[in-house]
Amino acid sequence: MKTMTCNELGGACDEKLTAESWDEMVTKMTKHVMDNHPDVAEEMEKMHNEDPKKWGSIMKPKWEAADSN
Ligand SMILES: [Zn+2]
């Protein structure tokens, strides 16, 4: 398991999100921003529409660098 904060993933709060895999983290983060930060969700959707790989290319290295727990 790895834990990252919403902030680290481009979000707007310090909530900790824990996941087994990057794919799971993406799913959790997506749900978290849609539930809690509609404005951030909108930004992410825009970014995704412009370049579907951009968010992942920025955030995945942070996931790789995060300590397992
Ligand atoms: Zn958040």
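Refer to the structure presented above.
Quick notes on the rules
- Residues numbered from 1 in each chain as written.
- Predicted model: local features only at pLDDT ≥ 70, side-chain atom pairs only at ≥ 80, totals over all residues.
- Heavy atoms only, no water.
- Donors = N, O, S within 2.8 Å, 3.2 Å for Na, K, Ca; no water.
- Tetrahedral: all angles 85-135°; square planar, octahedral: opposite > 155°, others 65-115°.
- Helix = DSSP H or I, 4+ residues; strand = E, 2+ residues; numbered from the N terminus.
- Salt bridge = Lys/Arg side-chain N within 4 Å of Asp/Glu carboxyl O.
- Buried < 20%, exposed > 50% of the residue type's maximum accessible area, 1.4 Å probe, protein only.
- Pairing = 2+ DSSP bridges.

(A) Representation of the coordination of the zinc ion. For the zinc ion, the full set of protein donor atoms is Cys-6 (SG), Cys-13 (SG), His-32 (NE2) and His-37 (NE2), and the range of their distances to it is 2.0 to 2.3 Å. Around the zinc ion, the four donor atoms are arranged such that angles at the metal cover 105 to 114 degrees; this shape is classified as tetrahedral. Linear spacing of the donor residues for the zinc ion on their chain is C-x6-C-x18-H-x4-H. Taken as a pair, Cys-13 in the loop between β1 (2-5) and β2 (16-19) and His-37 in the loop between α1 (22-36) and α2 (38-50) lie far apart in primary sequence, 24 residues in all.

(B) Molecular detail of the pattern of salt bridges. Taken as a whole, this structure holds four salt bridges when the rule is applied. In this structure, the salt-bridge partner of Lys-28 is Glu-24, at a minimum N-O distance of 3.8 Å. Within this pair, Lys-28 and its partner Glu-24 are both found in helix α1, separated by four residues, close to a single helical turn. Residue classification places Lys-28 among the partly exposed positions, given a relative accessible area of 35%. With a shortest N-O distance of 3.7 Å, Glu-43 and Lys-46 are connected by a salt bridge. Residue Glu-43 and its partner Lys-46 are both found in helix α2; the two are separated by three residues, about one turn of the helix.

(C) Looking closely at the environment of Ile-58. Within the secondary structure, Ile-58 sits in helix α3 (residues 54-65). By relative accessible area, Ile-58 is classed as partly exposed at 38%. For the pair Ile-58 and Gly-10, spaced 48 residues apart in sequence, the C-alpha separation works out to 9.3 Å.

(D) Molecular detail of the pairing of β2. Covered by surrounding structure in β2 are Leu-17 and Ala-19 only, the residues Lys-16 and Thr-18 on the alternate face being uncovered. When β1 meets β2, the two strands line up antiparallel, connected through four bridges. Directly across from Thr-5, in β2, lies its bridge partner Lys-16.

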